[in-house]
Each structure stands twice: as C-alpha cells, then as structure tokens.
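This is what each chain is made of:
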Amino acid sequence: MSETESAIDHITTDAMSTASPAKSLGDPGITPLSPSHSSQKDADSSEPSAPSFVVVVAIDFGTTSSGYAYSFTKEPECIHIMRRWEGGDPGVSNQKTPTTILLTPDRKFHSFGYAARDFYHDLDPTEARHWFYLEKFKMKLHTLANLSIETDIQAANGKRVKALDIFSYALSFFKDQALKELSDQTGAEFNNADVRWVITVPAIWKQPAKQFMREAAYKAGLVSRDNPDQLIIALEPEAASIYCRKLRLHQMIDLCSKTAVNGYSPTESVGAGMVQGDRYVVVDCGGGTVDLTVHQIRLPEGHLKELYKASGGPYGSIGIDYEFEKLLCKIFGPDFIDQFKIKRPAAWVDLMIAFESRKRAAAPDRSNPLNINLPFSFIDYYKKFRGHSVEHALRKSNVDFVKWSSQGMLRMNPDAMNALFKPTIDHIIQHLSELFEKPELTNIKFLFLVGGFAESPLLQHAVQNMLQGRCRIIIPHDVGLTILKGAVLFGLDPGVIKVRRSPMTYGVGVLNRYVEGKHPPDKMLVKDGTRWCTDVFDTFIAADQSVALGETVKRSYTPAKPSQQVIVIHIYCSEREDVAFISDPGVRKCGTLRLDVSGTESPATRREIQTLMQFGDTEIRAMAVDVTTSRSVKASIDFLSQ
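Residues numbered from 1 in each chain as written. Predicted model: local features only at pLDDT ≥ 70, side-chain atom pairs only at ≥ 80, totals over all residues. Heavy atoms only, no water.

Requested: an account of the overall build of the chain, with residues and values cited.
Broken down by element type, the chain carries 15 helices and 33 strands. Classification of the 642 residues of the chain by burial places 57% in the buried group. Within the chain, contacts between residues at least 6 apart in sequence are counted, and of these 69% link residues at least 24 apart. As presented, the chain carries roughly 26,800 Å² of accessible surface, and 50% of it is formed by carbon and sulfur atoms. (Helix = DSSP H or I, 4+ residues; strand = E, 2+ residues; numbered from the N terminus. Buried < 20%, exposed > 50% of the residue type's maximum accessible area, 1.4 Å probe, protein only. Contact = heavy atoms within 4.5 Å. Areas by Shrake-Rupley, 256 points an atom, 1.4 Å probe, with all protein chains shown as cover.)

So, the side chain of S183: which residues are in play, and what are the values?
Structurally, S183 can be placed in helix α5 (residues 163-186). Within the structure, the side chain of S183 is placed 2.8 Å from the backbone oxygen of L179, a separation counted as a polar contact. Apart from residues no more than four positions distant in its own chain, S183 is found in contact with A188, E189 and F190. (Polar contact = N/O pair within 3.5 Å; in protein donor to acceptor, adjacent residues only side chain to side chain.)

Any details on unusual backbone geometry? Residues and values, ideally.
With an omega of 5°, the peptide bond between L299 and P300 qualifies as cis. One non-glycine residue with positive phi stands out, namely K136, at about 50°. When its relative accessible area of 23% is taken as the criterion, K136 is described as partly exposed. Of note in the backbone geometry, N398 takes a positive phi value of approximately 60° without being a glycine. Topologically, N398 is positioned in the loop between α12 (390-397) and β19 (402-405).

Describe in detail the packing of aromatic side chains, supporting the description with residues and values.
Applying the stated rule across the entire model yields 31 aromatic pairs. Plain terms: the ring middles of F109 and Y169 are 5.9 Å apart, the flat faces sit at 40° to each other, and that makes the pair tilted. Residue F109 is found in strand β7 (residues 109-112), and its partner Y169 is found in helix α5; the two are separated by 60 residues along the sequence. For Y169, a relative accessible area of 24% gives the class partly exposed. With a centroid separation of 5.4 Å and an interplanar angle of 90°, the aromatic rings of Y280 and F448 are classed as edge-to-face. Of the two residues, Y280 is situated in strand β15 (residues 279-285) and F448 in strand β21 (residues 444-450); the sequence distance between them amounts to 168 residues. Taking the relative accessible area as the measure of exposure, Y280 reaches 0% and is therefore buried. Linked through ring pairs, F332, F336, F340, F378, Y381, Y382 and F385 together constitute an aromatic cluster. Over the ring of F581 we find K523; its NZ or CZ atom is 5.4 Å from the centre of that ring. (Phe/Tyr/Trp six-rings, centres within 6.5 Å; stacked < 30°, edge-to-face > 60°. Lys NZ or Arg CZ within 6 Å of the ring centre and 35° of its normal.)

Go over the packing of helix α9 (residues 334-343) against helix α10 (residues 345-359), please, and point to the residues and values.
Direction vectors running N to C along α9 and α10 enclose 110°, while the axes themselves pass 5 Å from each other. Judged on the interaxial angle alone, α10 and α9 are roughly perpendicular. Counting all contacts with α9, which are made through I337, F340, K341, I342 and K343, the residues of α10 involved are P345, A347 and W348. Of the residues contributing to the contact of α9 with α10, the split by class is six nonpolar, no polar and two charged. (Axes fitted to C-alpha atoms, helices over the stretch in contact; angles between N-to-C directions. Parallel < 35°, antiparallel > 145°, perpendicular 65-115°, else oblique. Nonpolar A, V, L, I, M, F, W, Y, C, P; charged D, E, K, R; others polar.)

Lay out the confidence of the model for the chain with the relevant residues and their values.
Model confidence for the chain is summarised by a mean pLDDT of 87, while 87% of its residues fall at 70 or above. Note that pLDDT drops below 50 for residues 1-49; the model gives that stretch 127 contacts with residues more than four away or on any other chain. When the criterion is pLDDT under 50, residues 259-269 qualifies, and its contacts beyond four places in sequence or with other chains add up to 26 contacts. (pLDDT = per-residue confidence, 0-100.)

This is the structure we're talking about:
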C-alpha cells in the first residue's frame, strides 16, 4: 500500500485543531471540520428525475426458483410475467424456473433452469462427473461470514467454481431471455439501454452480499459501472409490501375466513381498504430465508414507512429438504448418501424432485400416507454398496412412521412428514412471537404471508395458531409471484418507501479531546502536550434508527498532505445501537470509504473534502465534494474487499 493510500483509522473531531495530531504518528490523520450530525435533505437527491427508460425488468433470483417480470413505463399497471418455461414438475406451477445452472466441463455456461436439470439428468453418470451442476447456491451469500469477489462454491461433482461467475452467468441468462421477449413483444431489436433493471435480495442480507449481486450484474453486462443507477437492488419483503398494499379483495385469501375475501366490491383494496396510518407485517417465506418487514402506510399516495428494522433468518423451505436428507442418512447411513450423490447425481436430483411434490402435499389434517418414489438406481446402488436391500435397511433402522411399500416407494406417515417441517416452522414461529412482543408492533392490522413457502398449509396453520386472531392473515392468490410483481412496481417508483430503519450501526474511528472521568485511561494518547482519546466510535447511523430517503450524514475530511491522492477511511459496524469505541465487543471493520482527491489540487493551504453518505436507500451511497473548488470528488464505499 503506497503512502498516499495508507488507511486512516483515527480522525480528529476537534474542529479547532489546525493540525491533525495523528499526522506525526505515521498515520495521515484527517480532521473532520464539521463533526455535526447535520442530517439534511438535499433537494436534488431526494426526488428522482423523470425516467429515461422504456421498461422496468425485475429479476427475482430465488434460492429454489427464479423468474423475471416487466412493465412498460407507459402502462405501469400492466405487469407481464415472463413467458412460460419449457419443462416443469408434477404439482409445481412453472411460472418460475428452478434456480439450477449447468456449466460444461471447461466451465462455460451451458443452461439454466429446467433445461439445465434435464440435460444433466440425461448425461451418463461417468460423463456427468465432469460437468458443473449447481442448485440452491444463493444461500452461500447469506451464510458466508467473509464474502469476497473471490468466494467459491461447490458444484455437485465436488469441484469448486467462482461464485461471481455463477451469479453473473445466471443474470446474463435472464438478461438475454428478457431482451429476447421484449424484442418479440415490440417487433424490433430491444436496446438494453432502455431497460431499468431491478434485482431482488433478502432484506436481512448484509451490505457485502448486496454489493456482490451488483458486481455480478456488472459482470453480466446488465449495466455498466458508469451508469450504476440503471440497476436497483430491491429488498424482497419491501417489494412484496408494495404489491400487497395495492391488492384488491378478489386477489387474496383471508386465512381467518379461509375463503377469497368476498362480500365487498372487488375493486376495493385490502380488507375493505387500508386506512391512513395502518400498520402491517409482511412475512416473506422463501426457499432460503424468511424475511420480515413492518410497514405503515401514508395515504393518499400510498407511501410506506418502515417501523422496525428488517429481521428474519435462514428458515426457508430448503430446511425441510435438509431434514429429509438427514432422515435418509439415518436410514441408509451418511456414508452411502454422500457416495450416492457423487456417483449417481442425476438419480439424487430425481429423488429430491419426488420429495418436493410430496412436500407440497403435506397438510395439518392429512391422514393418508405420502409415497416417495425411490429411483431404481438408488435401490440398485444401495444393494451393491451394503450387500442388503433397501427394505432390510428400513426394517433395521427403527425410524418411526417410514415404511417400505412393495411398489418401490418410501411410505411416509403424515406425522413423519410433519416432523420434517417442524424445525423450520418452529424457527419462524419463534421469530414471529419475539417480533410481536416489540412495542413497534402494537396495533398491527394485517399480516401478509408471501413467497413460495407461504403456500404450505402447515406453515399457514402454525402462523394462525400463534397469532390467535391478533391481526388478519392475508395470502395473495399468486403468492409465489408477489415479490416479482412488487419489484417491478418498485423499479417504476423507487421513492415509494420514504423512511427505512438502519439494520446496523455504522461509523468510523476518531480521536477526541481526552476528558478525565469520561474516557478510559488506557485510551489516552498525549501528543504535543495535548491529551487525546483514541478509538472513539463516531456514529454515522445507529441500528434501528429511522432514516428518510435522500437524508444525508455529513462529515468533512482533510488530506494529511497536499500531495495526497487518495483518502481511505475504515468503516466499522455493529448490531448494537450504542457503541462507544471501535474496540467494543461486537464492533467489526466492515468496509472502506475511498475518496479520490487526485486532480482536485487547489491553492488553498488546507483542503476540505465534504462527504455525504446516504443510509435511507436499499444500498449505502457516498458522494463527496471539494469545498474550496466545489468540484465533485469520486467517492465510493466498498464492503467486499475485506
């Protein structure tokens, strides 16, 4: 790292000091000239300019299934869901396609969705080992603590591939599909420059994962780095919320009455209309995560205000698949299951497809057993592997409620199936119970259950039991497409969510004048006869703090030397609201703010770079200006280079 780029950990907030005391410590100190927390609205930044694009295309990149939808800005009310896909599974609506991707043995993109699955399935097992097949890979972005551009993920053949490649191949596939469909629709080659792209991510994702999605979009050619605003990152439950607030009565099911909500005119909105100030919760139950958001509506515009920071966790429906896998390991042995996955990858995919359709048939009042077809190669390979039959294994395993049927099926008693759902549903219910205890959640009128997993009668039943009639539970008819439709609406009007809550506390480390009795002695630093306190956490924004769209947090920094080209400032974050020092437990370095001050040399002896940060959007943004020359300074925040 060159001297000009050396990172700055300590920033003095003593506006009077002309020289920064950190400077001669070999640490190019920066003096914030305005330590005020002046959060002011910038007239130009809060109102988006008129759209220059012709169409909004939203991509719902899900853990288990994905799809896109679009709407022309001329007729925003008309949302088109992507063309029906080839392929499809029994008992599964195929408006979206499975999030599965296949690369050739030389790691080039081959196919996505049903096409990838079917092609992989038909490969000879020895041949299949050389191909790279991936599914349910989106969760890696949530679960990895140290996500970076270099992160890799494991394919079905056990080999690893770069996550960024996989995500950009997938986005590139959707880009091509959408542009092709738009060209067919309009009868002429459709230009990517006319598209505003929206990509959905879970609200509980941290900044690095959101930035990773953006990087993948740059790599896929959806948008260029020079025009970042052509892509919007939308938060899944927010998108669902935007769609739900517009729901008509004939477009949903009220769980309390268990029928489509009738008895009102079908043009009325939710439950005979949301009234001014109504509060509601959206629970987005997807394949990987369950994501909750709490909103209050402001009429007549229908603007939304977030009342509590986004919450949730990795409690999506794939948790049930893992429980099924654990059950198989219990019956047939983990050593066999691991081998079977690698040696007979296509049959494993078949088995999980068979399980998926039975999983959807699970219901609280079901009394007849669920039969899961075991592929022939499972039965055959097990006999070779163990020297005895599948039937023998089942008898010997003592697993309750799972029997072997003579038609070559695993016969699951409904209790056995319900037991697979239990851990995942328990997590969701526990989270909901804790959330409903919060003071911000008093007077909630509606709870919207959305996402593919929301279709599960077992989950619906559990939510009803927990709420005991505290609010109305509403399920949109096209529950799996709610996020997609809402994401299109968000792309048409990103300003609809006026106030958000910061999920984390963000700030930087600074030096403050040492105050006896207030500051710990071990933080004292004496420099030129002045006593300073080191490691002080200067809070930009606190966890769960309300922040309006377009609201900015201002700080001023000055380069240590006139010749300095780049100022790099470390950003720290914490889940806790009150942080005193960057060394406090739970505080970690999470990103860097980089100010490129080259080319803004000025005659002024002391340059002041004023930095404006915005925390009210779905991504954190930074802008900067050289105060003496009023020239704009290139500012960027990076959460991935850690």
